[in-house]
Amino acid sequence: MPSAPRQGGKKRLAPFPDLLRDAPAAAGKKPAELPVFAPGSTEGHGLRQPLFVPMSRDEMLALGWDQLDVLLVTGDAYVDHPSFGSVLLARWLIHHGFRTGLVAQPRWENPDDLLAMGRPRLFAGISAGALDSLLAHYTAFRKKRHDDAYTPGGKAGARPNRACLVYANLARRAFPGLPIVLGGIEASLRRVSHYDFWTDAVRRPILMDAKADLLIWGMGERATLECARRLDKGQDIRGIDGTAWMDKPDASGQPANLPAPMADQPWIALPSHQDILGDPFQLMRLTQELERQVHRLEAWTYQQVGDRVVVLSRPAPPLTTEEMDELYSLPFTRASHPSYREPIPAEEMMRTSITSHRGCGGGCSFCSLALHQGRRISSRSERSILDEARSLGQKNMDRGKGPVAISDVGGPTANMWQGHCALDSRAVAGDPEHAAPVRSACRRSSCCFPTVCKSFITPQRKHVDLLRKVAALPEVKQARVASGVRADLALRDAEALAAYTGEFTGGQLKVAPEHCAPSVLALMRKPSLEVFEAFLESFVRQSRAAGREQYVVPYLMSAFPGCTDEDMYTLARWLRQRHWNPRQTQCFIPTPGAIATAMFYCGRDETGEPIYVARTDAQRLRQHHILMPAMEEAGPGKPRRDAPTQQTQRRGTGPRAPQARNNAAPQGESRAKGRAKGPSAEGERRFPTARGRRA
Ligand code: SF4
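Residues numbered from 1 in each chain as written. Predicted model: local features only at pLDDT ≥ 70, side-chain atom pairs only at ≥ 80, totals over all residues.

Student: Mind showing me how you'd approach the overall build of the protein here?
Tutor: Helix and strand counts for the protein come out as 25 helices and 22 strands. Out of the 695 residues belonging to the protein, those deemed buried represent 55%. Taking contacts inside the protein between residues at least 6 apart in sequence as the whole, the part at least 24 apart equals 75%. (Helix = DSSP H or I, 4+ residues; strand = E, 2+ residues; numbered from the N terminus. Buried ≥ 20, exposed ≤ 12 C-beta atoms within 10 Å, placed from the backbone. Contact = placed C-beta atoms within 7 Å.)

Student: Just checking my understanding: could you explain the sheet that holds strand 20 (residues 508–514) for this structure?
Tutor: Across the sheet, 3 strands lie side by side as 20-21-22; this open sheet has parallel pairing. The sheet terminates laterally at strand 20 and strand 22 (586–587), the two strands that pair on one side only. Where strand 21 (residues 551–558) lies against strand 22, 2 bridges are found, and the strand directions are parallel. Across the sheet, Met 557 pairs through a bridge with Gln 586, a residue of strand 22. Against the sheet, helix 20 (residues 529–545) contacts strand 20 and strand 21, and its axis sits at roughly 165 degrees relative to strand 20. (Pairing = 2+ DSSP bridges. Axes fitted to C-alpha atoms, helices over the stretch in contact; angles between N-to-C directions.)

Student: Which parts of the structure should I look at to understand the site of the ligand?
Tutor: In the vicinity of the ligand, the residues found are Gly 361, Cys 421, Leu 423, Ser 440, Cys 442, Arg 444, Cys 447, Cys 453, Ser 455 and Phe 456. Residue classes in the shell around the ligand are distributed as 6 nonpolar, 3 polar and 1 charged. (Near = placed C-beta within 6 Å. Nonpolar A, V, L, I, M, F, W, Y, C, P; charged D, E, K, R; others polar.)

Student: What should I look at first to understand the nonpolar core in this one?
Tutor: Core analysis: the largest hydrophobic core is formed by 180 residues, its most contacted members being Ile 126, Cys 164 and Leu 182. It is helix 5 (residues 163–174) that provides the largest number of residues to this core, a total of 9 residues. (Core = buried A, V, L, I, M, F, W, Y, C linked by C-beta atoms within 7 Å.)

Student: Mind showing me how you'd approach the pairing of strand 10 (residues 300–305) here?
Tutor: On any regular strand, side chains alternate: one points to one face of the sheet, the next to the other face. Burial analysis of strand 10 places 5 of its 6 residues in the buried class, which makes it a mostly covered element. Examined bridge by bridge, strand 9 (residues 267–269) and strand 10 share 3 bridges and lie parallel to one another. Paired with Ala 269 across the two strands is Tyr 302, which belongs to strand 10. Across 5 bridges, strand 10 lies against strand 11 (residues 308–312) in antiparallel orientation.

Student: What should I look at first to understand helix 23 (residues 617–627) in this one?
Tutor: Turn by turn, an α-helix covers 3.6 residues, leaving residues three or four places apart pointing in a common direction. Three or more residues of helix 23 are buried, namely Arg 620, Leu 621, Gln 623, His 624 and Leu 627. Within helix 23, the buried residues cover an arc of 160 degrees as seen down the axis, which keeps them to one side. (Arc of directions from axis to C-beta.)

Student: What exactly am I supposed to notice about the packing of helix 10 (residues 281–296) against helix 22 (residues 595–602) here?
Tutor: To characterise two packed helices, one gives the angle between the axes of the helices and the distance between these axes. Two elements in contact, helix 10 and helix 22, have axes whose closest approach is 8 Å; the angle formed by their N-to-C orientations is 170 degrees. Looking at the two axes, helix 10 sits roughly antiparallel to helix 22. Every residue of helix 22 that contacts helix 10 at Phe 281, Leu 283, Met 284, Thr 287 and Glu 291 is listed here: Ile 595, Ala 598, Tyr 601 and Cys 602. Residues of the contact of helix 10 with helix 22, tallied by class, amount to 7 nonpolar, 1 polar and 1 charged. (Parallel < 35°, antiparallel > 145°, perpendicular 65-115°, else oblique.)

Student: When you look at the confidence of the model for the protein in this model, what are you seeing that I'm missing?
Tutor: Detailed conclusions should not be drawn from predicted coordinates in areas where pLDDT is low. In the predicted model, the protein carries a mean pLDDT of 84, and 83% of its residues have values of at least 70. The low-confidence segment residues 1–33, where pLDDT is below 50, has 58 contacts with residues more than four positions distant or belonging to other chains. Note that residues 427–435 has pLDDT below 50 and, in this model, 15 contacts with residues that lie over four places away or in other chains. (pLDDT = per-residue confidence, 0-100.)

Student: How should the environment of Ser 336 be read in this particular structure?
Tutor: Positionally, Ser 336 belongs in the loop between helix 11 (321–328) and helix 12 (345–350). Exposure remark for Ser 336: the 23 C-beta atoms within 10 Å place this residue in the buried category. For the pair Ser 336 and Val 79, spaced 257 residues apart in sequence, the C-alpha separation works out to 4.0 Å. Every residue in contact with Ser 336, bar those within four places of it in the chain, is listed here: Ala 77, Tyr 78, Val 79, Ile 344 and Glu 347.

Student: How do you make sense of the environment of Arg 204 when you look at a structure like this?
Tutor: The residue Arg 204 is located in the loop between strand 6 (201–203) and helix 7 (206–209) in this model. Since 17 C-beta atoms lie within 10 Å of it, Arg 204 is described here as partly exposed. In this structure the C-alpha to C-alpha distance between Arg 204 and Gln 274, which are 70 residues apart in sequence, comes to 9.8 Å. With residues near it in sequence (within four places) discarded, Arg 204 still touches Ser 193, Asp 209, His 273 and Val 305.

Student: I tried to follow the packing of helix 3 (residues 85–95) against helix 8 (residues 221–232) on my own but got confused; where do I start?
Tutor: In the contact formed by helix 3 and helix 8, the axes pass within 10 Å of each other and the chain directions differ by 45 degrees. Accordingly, the angle class assigned to the pair helix 3 and helix 8 is oblique. For the pair helix 3 and helix 8, the sense of crossing is right-handed. Together, Leu 89, Trp 92 and Leu 93 of helix 3 and Glu 221, Thr 224, Leu 225 and Ala 228 of helix 8 make up the contact between the two elements. Partitioned by chemical class, the residues of the contact of helix 3 with helix 8 number 5 nonpolar, 1 polar and 1 charged. (Left-handed = near helix turned anticlockwise from the far one by under 90°.)

Student: How do you make sense of the sheet that holds strand 7 (residues 214–216) when you look at a structure like this?
Tutor: Remark on secondary structure: sheet strands pair via backbone hydrogen bonds, oriented parallel or antiparallel. Strands sit in the order 2-1-3-4-7-8-11-10-9 across an open sheet of 9 strands; the sheet is mixed. Unpaired on one side and paired on the other, strand 2 (100–104) and strand 9 mark the two borders of the sheet. In this sheet, neighbouring strand axes are inclined to one another by 25 degrees on average, regardless of whether the strands run parallel or antiparallel. Bridging between strand 4 (residues 180–183) and strand 7 involves 2 bridges; their strand directions are parallel. Looking at strand 7, one finds that Leu 182 is bridged to Leu 215.

Student: So what exactly am I meant to see when it comes to helix 21 (residues 565–577) here?
Tutor: The end-to-end C-alpha distance of helix 21, which contains 13 residues, comes to 18 Å, matching closely the 18 Å that a straight helix rising 1.5 Å per residue would cover. Buried residues belonging to helix 21 abut helix 19 (518–524), strand 21 and helix 23. His 579 sits one or two positions beyond helix 21 and adopts a positive phi of about 60 degrees. (Expected span 1.5 Å × (residues − 1).)

Set out below in structure tokens:
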């Protein structure tokens, strides 16, 4: 087990008046002009939105609040942006009348930081932040990271390993008897038995180790709000959709104390923790069952762990368009809290990007989003997105910077905006935007693999129309798609592909073939190489027609379960034939909750057939070196000597490969654009919750 990073640094918060006096840059105004409330905010259900969610007692009192209802604790610094889950939830709770405060990256040697605003009335919500804390701290080769884009100054070390457990313990010490609720990606993906790459072991559900009463999994708006409402009324919080809790088993092994409404609902028994320890393939069975459960929205599940049971209620339905619009219309300043003295890298990365939707129908086996956000897509309306673009531009102009360049209008996969299943009854009813989501009988694990399902509706031309409308706003200089498009979907609509290529790529388009070996692509649930090559051919043709010099940024992966050294040589030869020389390739990281992680653990594919797994660091590194031989000279974790600097990558002025023109990206091209976390020199990517997964 790697050692824990250093303890939290010195306290970062200044008293509220000083904090505002010392932060004249906040909101671009002089301190005296900084309002306590968000400009133009009105009362939602009894509360006006603050300019910033309070982080200190003075800020809380300035809002006229004598006590918090809910305290949220997060492992990220506070950037008032909807991409930060705890911030989104804090504003959502305030919008619904619950006085909510935020403690960001507290020191963890004692609970003092959690006590800054006193004991909350209802509950404390705990999140490790936008990333699993171990993924944030260690590389694919288990080396300690020194950077953290979610921390002031970009420095690692401001949150502990297994932050959920540590913060929950702190909260229990600070507020004895107060309900503690876990949430966020770390808790969500560790809600049942899971493989932990960093200790090379199967760990028990996180609730077995955390001092918490409830765990909210998946996107948490509905469950968090319902939790606050029930506690406000003194009701039982067990049974809320999208949550988990611990129980005792009865004689048959089922949960003994189910909330009444669940007794009549369908349920699924997951393989027990002991079953998984005895037969590694049971982890695959568990992951497949959960994947189905998340998509079908109908059953509750349970897993026995020794003499306890973890109970998972039904998934919370994804938000409707109306709800998404309501959520994203909240007055996020998009700035970091004025108490911070150093810039937070993620703030700059996200400053000009707009989230158009969440969820992804792709179901790639290495991605845990299917277990977190689900395959259903929640999209914002065109009006809501245009409003945000207008407001972003206006803020830029108010600062004297002129119309804004929007870096991204997208989601996990940009060309899935308003994507939906034609068999879902809300779509059949002809009102995909406003009707409540429905359950599904679909048993496919992907809407795109092995081929794009004919029922998967992806109105890409509407997305292109939206992008054109955004770009045409007087407050906007240009609009781009940085979050990547899915090649198989883009090929369905030549007109949309021409528009993405000719108008919105900004010279580079991210696409994720991931590999070229058919057997590896099948294990990844990715489309065949022919699909990528057809896309590439079309991209080159359209770029020439538009008279533009453009590049595809191909995402590739090494050491995937089932991928042999020979498969990597096949990929290397394929790249060489095209004169491509990728410098940043992700080495597969088995993150908790993914199907590919189960493959890694049990050494079998989804059907139970044995597969080769590059398991040791040496085997993984060897595969990585086949694509990136120069790393052998520099050593893992060290950049190539001729790699462009971050600055040249950002400006796109790094060295170019003439052979790659109109197909692959320039050498050394950063894949960090539009992502909350960029790749390290080892070529990894770390994925935030709502955005930034590959397409
Ligand atoms: S029927 Fe097709 S589009 Fe609908 S959920 Fe299943 S795979 Fe996706």
